[in-house]
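# Remarks on the overall topology
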Amino acid sequence: MQGSPAVTPPRAFQLSNASIDAVRDEVEFAHAELPFFREHLGGAGIEPADIRSADDLRRIPATSKVHYRTHFPSGVVASGWRVGDPMVTRLQSSGTEGDRLVTLVHTWTLAERMATCLGVNDRLRFLADAERIRTARYAAPNCSDVECANPNSKMADRMLEDGTLVLPVYHDLLVTPAFMLDRAFGEIREFAPNCLYVDPIHFSHLLGHAERAGLQHPSWEGVAVLTSYSLLTRTHRRLIGRMLGPDVPVANVVAMSELGFVAAECTYGRLHVNTSDFYVELVDEAGAAVPPGTAGELCITTIGDRLSPKIRYRTGDLYRAHEDPCRCGSPMPTADYLGRMRHSFRAPGGAWVTPADVDAVVGEREWLRNYQLARGSSGRFVFRCIGAGEPPEDELRDIRDGLGHLLGGARVRAEATGYIPAERSGKFLTCKNDYPEEAAS
Amino acid sequence: MILEPAAGAPAAQDADLRIEDDFPVLQRQIDGRRIVYMDSAATTLKPRSVIRAVTGYYERYTANIHRGKHRLAEEASDRYEEARYRVATFLRCQGNEVVFVRNTTEALNLVARGLGLERGDTVVGCLDAHHSQVLPWREAATLHTTRLGADGGVDLDHYRELLATRPRVVALTHCSNVTGVYLPLAEMTAMAREAGALVVVDAAQSLPHRRLDMARLPADFVAFSGHKMLGPSGVGVLFGRVELLERLRPALHGGGMVDWVTSESSSVRKVPHRLEAGTPAIEGAIGLGAAVDYLDDLGEEEIDRHDRALSALLLHNAEQREYLRVLGPTRGVERAALVSLTIPGVDDLGDVARALSDSYGVMGRTGHLCAQPYVDAHTPGEVLRLSAYLYNTPCDVAHAFAALDEVASRLGARA
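### Structural notes on the overall build of chain A
Looking only at helices and strands, one finds twelve helices and 19 strands in chain A. Relative to the globule expectation of 22 Å for 441 residues, the C-alpha radius of gyration of chain A, 22 Å, shows essentially globular dimensions. Reported as C-alpha extents along the three principal axes, the dimensions of chain A are approximately 65 × 50 × 45 Å. The proportion of buried residues among the 441 residues of chain A is 59%. Considering only contacts within chain A whose residues lie at least 6 apart along the sequence, 66% involve residues at least 24 apart. Each charge sign in chain A was given a centre, from 48 positive and 57 negative side chains, and these centres are 3 Å apart.

### Observations regarding the environment of B:R102
All names here are of chain B. Structurally, R102 is set in the loop between β5 (98-101) and α3 (104-114). Distance in space between the C-alpha atoms of R102 and L17 is 30 Å, their sequence separation being 85 residues. Setting aside residues up to four positions removed in sequence, R102 forms contacts with G234, V235 and G236.

### Quick word on the sheet that holds strand β7 (residues 250-256) of chain A
Residues and elements named next belong to chain A. Strand order in the open sheet made by the seven strands is β4-β3-β5-β6-β7-β8-β9, with mixed pairing throughout. The sheet terminates laterally at β4 (165-166) and β9 (271-273), the two strands that pair on one side only. With three bridges connecting them, strand β8 (residues 260-265) and β9 associate as antiparallel partners. Its bridge partner lying in β9, A263 is registered against V273. Taken strand by strand, helix α5 (residues 107-118) contacts β6 (224-227) and β8, and its axis lies near 5° from that of β8. In the packing of helix α9 (residues 234-244) onto the sheet, contacts are made with β6, β7 and β8, and the angle to β7 comes to roughly 130°.

### Examining the pairing of strand β20 (residues 383-387) of chain B
Residues and elements named next belong to chain B. Buried residues dominate β20, accounting for five of its five residues. For strand β17 (residues 338-342) and β20, the ladder comprises four bridges, and the chain directions are antiparallel. Paired with V339 across the two strands is L386, which belongs to β20. The pairing of strand β19 (residues 365-367) with β20 spans three bridges and is antiparallel.

The rules behind these values
- Residues numbered from 1 in each chain as written.
- Chains lettered and ligands numbered in written order.
- Predicted model: local features only at pLDDT ≥ 70, side-chain atom pairs only at ≥ 80, totals over all residues.
- Heavy atoms only, no water.
- Helix = DSSP H or I, 4+ residues; strand = E, 2+ residues; numbered from the N terminus.
- Rg over C-alpha atoms; globule rule 2.2 N^0.38 Å.
- Buried < 20%, exposed > 50% of the residue type's maximum accessible area, 1.4 Å probe, protein only.
- Contact = heavy atoms within 4.5 Å.
- Lys, Arg positive; Asp, Glu negative; His and termini not counted.
- Charge placed at Lys NZ, Arg CZ, Asp CG, Glu CD.
- Pairing = 2+ DSSP bridges.
- Axes fitted to C-alpha atoms, helices over the stretch in contact; angles between N-to-C directions.

So, in structure tokens, the structure goes:
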């Protein structure tokens, strides 16, 4: 990419610094090798050679999961590649709303994206220098609970080809049987990973169980915790930090099943978006670029993916870009990850109210363990929380009133409870929107 | 702790929730007369959202659950399990403590047979219980019935005496489907637990009106039916504490309840799936989830206020009429919105029910109401029951009693 002129996006959007030549190469490859993109670009009357600027790129209609799902494999996987090839990684996105997807990615491509992201955080550099990254994963099951969350499975059953150990996990987090939590914690001890790749809500629950049950881990030294899958809330960051101590690096990363590492947090706590391996845009629903400080959907074009490239792929994730450079010195721009669009709400007037916005209102509470703001099918909001004991009434009232204000005067019921169900996919949502008029967005 | 929304809710009339339009059956006329449905203790009407949820399964994603990898199977599985979570949230219990069954009767039989009781084990029950909370226990063990006191309510002294015999199970009926009287459930459950008994609650009549908080009520099992709470027929729920569900012997063996089967052995799935053998009523569970949503959206306080208001109205109207006798206690107890009546001088209440239906559009019920020992002991043989639910209004109650006045006087009522 060096030596190529940088894409100059409009003033409103300054997130990406990938080169336009690299983007055009990607589009040319996709057009030449993949039937779906030939049809897609042809339908819009665009030839790859037409792509000379960010404005030209935006003429290509955005793509989404449905395009890659319905054209898999023949339309979106370059000829010569197939599942089972030594360097091909098969990734599966469960898709909680029927939006599932199977993707093939070159193993090295994934490794590059990971290395790019981890490179922004000095405390994670030891992973790059390690002889081998021994990863243990603890997150929602990626497939039906009939097989993947089978409580009778053994470590060998859950070892991935790349050597990652998937820890045993229950499909409904908060009622995970104690023996499965004991086993997960025991397997961390036995496997001795140097990288724990975890859903922060699941991991907090596991650590909380370990603390209550008096389970000990010999040492967390030499272990990094990468949180992904779910928004890292203040509550779960605090719980993980409290239980592991300050010497264990805990960094939030955004990784997607279909793309690998998209962003990572630096040591200053700012999230850097991977603009080395992707051309990224933040767009509104009409596809127009949004200005810094405004929530927009991340739209990604892969760079250098010669197996299954993605062009202007709408990720369904909301971000808010920063304008100022980060003190860490990374050239990659920073943005706040705000959560999934389908888990967000709309305030009167149409502005997004995202899981990150909700978390800012909920704030840091010593007693809080888990929470969920749910909008039911009738549009009613209910905030449910689980604490260590009964929450202080004034604090619960503050949260209720704060959320009502955030949602433009919506009426919010708040209740303390002992149980909040996970999603069918096994994910635990801090924000859940079942209101039909918004859930479709 | 629950904090209601800060802004005041628009005040609904306690006895009229103004939701008739949600119920297609109420839009129907029979022989030119509007329907006044007063048989909700038998089964409730269904709102459009429940009907849509059921037909949605048939029209959009018919598939069997938990096994397939195709999109429809995944969608059906998701909706089915989401329904379980909705029920769990409604009960304030855990998702794996909700077992889908066919109805309350199946749930109670599952517990009675699954606990491994023997003939010599004793079970304490209630005199005014539904047959479904009597017969399974008679089959599985030895049932002793708590007497009623002079006021018609449960005799707690006798109950205490029976508990002293150290029964293995206490089978409580939260609300009688005959008298509409609510038991002091929290008190009786606590007494039973103190005596070391498992507590099994038939909540078929109560849960549609008064939500149970399983985080606070120390009952071990609770059974209820979807069709009595706006949901479809063919689906019910057994709530059980997870450690007890794990000890419960499955009534059915076969597909869906095993993790692994070899030529000689098998290992059962975790709860609740091990108790749900075979293809369940998928659309029923999904419809029940929609019913729970509907109730949740109305709000438990609104529902409770409506239940109390209509209960008072039904009782007031019945007591005002000298030709009617109300079955069960009318003072010093909590009552649901139902009255069971006898009419001295009228031997065939079936004629009354037919006339109410055909000439006035009032749908009530007559008979022993599946509580024959109690009804036989306190009536000439059958009762006329009028039972109301969310969609009923004071106008419905007034219409029903005015109709009853006309019918009864022509069919031989004394007074």
